[in-house]
Structures are given as structure tokens and as C-alpha cells.
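# What the coordinates show
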Amino acid sequence: MELDDLPGVGETTAEKLREGGFGTVEAIAVASAGDLKDAAGVGESAAEKIIEAARSSIKMGFMTGSEVLEKRRSMKKITTGSSHLNVLLGGGIETQAITEFFGEFGSGKTQLCHQLAVNVQMPEDSGGLGKNAIYIDTENTFRPERIIQMSEPLGLEEEITLDNLVVARAYNSDHQVLAVEKLNGMIKEKGIGLIVVDSLTSHFRSDYTGRGELAERQQKLNRHMHALLKLAEMHNLAVVVTNQVMARPDFFFGDPTAPIGGHVVGHASTFRIYLRKAKGGKRMARLIDSPNMPEGEALFAVMKEGVKD
Ligand code: GTP
Ligand code: MG
């Protein structure tokens, strides 16, 4: 629900509220009439009415523990192609969640995305979901040739694999946000089991360069990720996003790089996996953050046929 949808909130008031730091219905629901009055330039009783409307518009979604378990049981997993990586992830890439791969250039993020877009199409007893994929390509690195190379060893018809894949090029961060907002209808129609966003952050990084724009960028990124998570939960599908790393100016100990997007991306991702190049062309994956799996590492390889142990 948007601010303008609240009864008693016109376009101008919504704009003032946003500028005053009340960007969401939830923020209004927990505000005091006094704060809102000042921010929106409305009277006390109008402010109270807006707060009341915000409160009643929010569904809390209370569930019993058993209902949560029931929902978890409908969760499915997509094989990555590497059994080591699957073990690290507790079986594969989960539906109802966002999995983030981050790492430097050439660490294998895009290759993994291609592989998952193929694997999701395999039947459930072969580690897929028997469903299709949407690939949001922000860096123009989607390569149908790679999809063909990866499909062949799995016995999938390359033409069908390609036809079952919906590719959306996103030219800037707004375009990317819009692409996700437009997915809802397509997901059922095309039988989508996986949404890839490769890369999640590159446009946001280049579209918001000024220091003063950081807060706005983070807010937008946050909403974008929550839109993705909502799709994952509503349609029992997997979301996979990639993220680059940047040099840390405040670096003293440990890794001199950090994922872009800071806490916003970190908190919205259910699983975070750090990829780096290892010896002999191999790749090392490290599970950084997971709600139910221990941290650990897995070694895998990117080959012509795709992601393997
Ligand atoms: P950025 O998007 O630049 O941040 O990097 P990335 O992490 O997405 O890198 P990507 O997944 O594109 O990895 C590229 C690497 O995968 C190449 O450097 C190769 O090592 C490997 N690779 C890509 N295609 C092939 C292939 O056909 N055969 C083999 N053996 N390796 C490949
Ligand atoms: Mg890439």
C-alpha cells in the first residue's frame, strides 16, 4: 500500500510526509499525531485519522508455529550443480528466500546465475523445480550460448531451455525496480520458479553517486529487495541476486573488501555467499549469513559444461 492510497492523504500531503521521513504506511502507523502534524502540515485530528487509517490497513500476518512449519515444508531447493556447494547451502538454493552471491569480478556470480536458470527447469527428482526462470540482466552479461552449453550435459533440449527463460534487460535502477513490479502477472502464466537479478546493485551504485543521495539509494534498494522477497514468499519461488564488492576505506584487519549496499542488502538477503577465486581456476564459496545453516566453505569449479565440484 502506498501513502496516497490512505484515506485523507492527497498527493501533496503524501509528498510532504515522505519528505518528513514518513515514507511508508508502517512509519505512519507507529508515529505520534504530533510528529505527523508537523511533517504533513495538517491539523491534530486529521493527523490522528491518517494514523488510524494506516494502522487498520496493515495486516500483521500472525501465524502459529505449526503454520510456519507447514509453509517451510512447501519450501523447495534448486541444485547448484556442485554437490559441495549444495551441502554448504543445506541442499541447494531455497525458495521463499533471497540468496545473494557477492564477490569480485570473475568470481563466478554470473555463471552460477546461468546454471541456476537451467537447473530450475530440471524435474524435481533431478534437483530442479520443473519450472522456468526470469533473468533480470543489468550488465548485459546474459549469454544464451552459455545456457546451451549448460543444458546439453543435463539432457535438456537447448531450445526449450532458452524458450522457458524470460530475459529482461534493465537499463537503470528505476527500470530494474519497474521490471520486478511488472513480474506479478507473468509468474503464474509462465510457471516461474526462479528470479535472477544480475547484478542487484550495479545500477544503484552508478545512479546514486553523490554523498547526499546515499540515503535515497538505500531506501530504494530496500524497497526493491522487499518486493523481491514478497514474490518469493507469495509464489514459493527462489530469488538469486548478485552483488559486487568495493574497497573498504576504513580497512585495518581481515578482508579489505565489503559487499555493496551495506546493511540494507545484508539484512534483506536470507542467505549470503561470498565467492572468490581459488587456486587452479577453482572457486571458493563461503556462507556468511544463514538462518539455519552453520558458516562454512565449499570449493567448486566453473567449466564449459557449467558449475561442478
Ligand atoms: P562480474 O560480473 O564482473 O563481477 O563477475 P562474475 O562474478 O559475474 O564473473 P562470471 O561469473 O562472469 O565469471 C567469469 C569466469 O567464469 C571467467 O573468468 C571464466 O573463468 C569462467 N567461465 C566463463 N565461461 C566459461 C566457459 O565457457 N568455460 C570455462 N571453463 N570457464 C568459463
Ligand atoms: Mg557478472
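Note that the coordinates shown come from a computational prediction; the quantities given were computed from them, not determined experimentally.

### Focus on unusual backbone geometry
The peptide bond linking D198 to S199 adopts the cis configuration, its omega dihedral lying at 5°. Inspection of the secondary structure puts S199 in the loop between β6 (192–198) and α12 (202–207). A positive phi angle is found at N236, which is not glycine, with a value near 50°. Checked against the element boundaries, N236 lands in the loop between α13 (214–234) and β7 (238–243).

### Quick notes on the nonpolar core
Ranked by size, the top nonpolar core spans 32 residues in total, and within it I78, L85, I93, F101, L194 and I273 carry the most contacts. By residue number, the principal contributor to this core is helix α7 (residues 109–119), which donates 5 residues. Ignoring sequence-local partners within four residues, the contact set of L85 consists of T80, L112, A285, A298 and F300. Grouped together as the second largest cluster of nonpolar side chains are 28 residues, I98, I136, L231 and V264 included.

### Here we look at the domain arrangement of the protein chain
Partitioning the protein chain into structural domains gives domain 1 (3–57) and domain 2 (67–308). Its C-alpha centre places domain 1 at a distance of 36 Å from the equivalent point of domain 2.

### Here's the deal with the environment of T110
Structurally, T110 can be placed in helix α7. Sequence-wise, T110 and F142 are 32 residues apart; in three dimensions their C-alpha atoms are separated by 7.8 Å. The contact partners of T110, leaving out residues within four places of it in the chain, are Y135, T141 and D198.

### Structural notes on the site of ligand 1
In the vicinity of ligand 1 there are 16 residues, among which G106, K109, T110, Q111 and R283 approach most closely. Contact distances for ligand 1 include 2.8 Å between an oxygen atom and a backbone N or O atom of G106. At a separation of 3.0 Å, an oxygen atom of ligand 1 approaches a polar side-chain atom of R283. Against a free-state accessible area of 660 Å², the protein chains account for coverage of 64% of ligand 1. Those elements giving two or more residues to the shell around ligand 1 turn out to be α7, α8 (144–151) and β12 (296–303). At 3 residues, α7 tops the list of elements feeding residues into the shell around ligand 1. Grouping the constituent residues of the shell around ligand 1 by class yields 3 nonpolar, 7 polar and 6 charged.

### Examining the packing of aromatic side chains
In this structure the tally under the stated criterion is 2 aromatic pairs. Judged by centre distance (5.1 Å) and plane angle (20°), the rings of F102 and Y274 are stacked. With F102 in strand β3 (residues 97–103) and Y274 in strand β10 (residues 271–277), this pair connects stretches of sequence that are 172 residues apart. Like F102, the residue Y274 is buried in the burial classification.

### Focus: the sheet that holds strand β13 (residues 306–308)
Two orientations exist for strands paired in a sheet by backbone hydrogen bonds: parallel and antiparallel. Spatial ordering of the open sheet is given by β5-β4-β6-β7-β3-β10-β11-β12-β13, a layout of 9 strands whose pairing is mixed. The sheet is open, and its two edges are formed by β5 (165–169) and β13, each paired on a single side. In this sheet, neighbouring strand axes are inclined to one another by 25° on average, regardless of whether the strands run parallel or antiparallel. As defined by bridge partners, strand β4 (residues 132–137) adjoins β6 across 6 bridges and the pair is classed as parallel. By the bridge assignment, A133 is partnered in β6 with L194.

### Regarding a negative patch on the surface
A surface patch of like charges, here negative, comprises E152, E157, E158, E159 and D163. If you trace the backbone, E157 turns up in the loop between α8 and α9 (158–163).

### Some details on the pattern of salt bridges
If the charged atoms of two oppositely charged side chains come close together, the side chains can form a pair. Summed over the entire model, instances satisfying the criterion amount to 11 salt bridges. Taking the shortest distance from any N to any O, the salt bridge between E44 and K37 comes out at 3.4 Å. Here E44 falls in the partly exposed class, since its relative accessible area comes to 40%. Two residues, R72 and E94, come together in a salt bridge whose shortest N-O distance is 3.4 Å. Of this pair, R72 sits in helix α5 (residues 65–73) while E94 sits in strand β2 (residues 93–94), and the two are 22 residues apart along the sequence. Among the ionic contacts, a cluster of salt bridges with common partners joins D4, E15 and R18.

Criteria and cut-off values
Residues numbered from 1 in each chain as written. Chains lettered and ligands numbered in written order. Predicted model: local features only at pLDDT ≥ 70, side-chain atom pairs only at ≥ 80, totals over all residues. Heavy atoms only, no water. Helix = DSSP H or I, 4+ residues; strand = E, 2+ residues; numbered from the N terminus. Core = buried A, V, L, I, M, F, W, Y, C linked by side-chain atoms within 4.5 Å. Buried < 20%, exposed > 50% of the residue type's maximum accessible area, 1.4 Å probe, protein only. Contact = heavy atoms within 4.5 Å. Domains from an automatic or database assignment. Near = heavy atom within 4 Å. Polar contact = N/O pair within 3.5 Å; in protein donor to acceptor, adjacent residues only side chain to side chain. Areas by Shrake-Rupley, 256 points an atom, 1.4 Å probe, with all protein chains shown as cover. Nonpolar A, V, L, I, M, F, W, Y, C, P; charged D, E, K, R; others polar. Phe/Tyr/Trp six-rings, centres within 6.5 Å; stacked < 30°, edge-to-face > 60°. Pairing = 2+ DSSP bridges. Axes fitted to C-alpha atoms, helices over the stretch in contact; angles between N-to-C directions. Patch = residues over 30% accessible without salt bridge, like charges linked within 9 Å, V, L, I, M, F, W, Y side chains within 5 Å. Salt bridge = Lys/Arg side-chain N within 4 Å of Asp/Glu carboxyl O. Lys, Arg positive; Asp, Glu negative; His and termini not counted. Charge placed at Lys NZ, Arg CZ, Asp CG, Glu CD.

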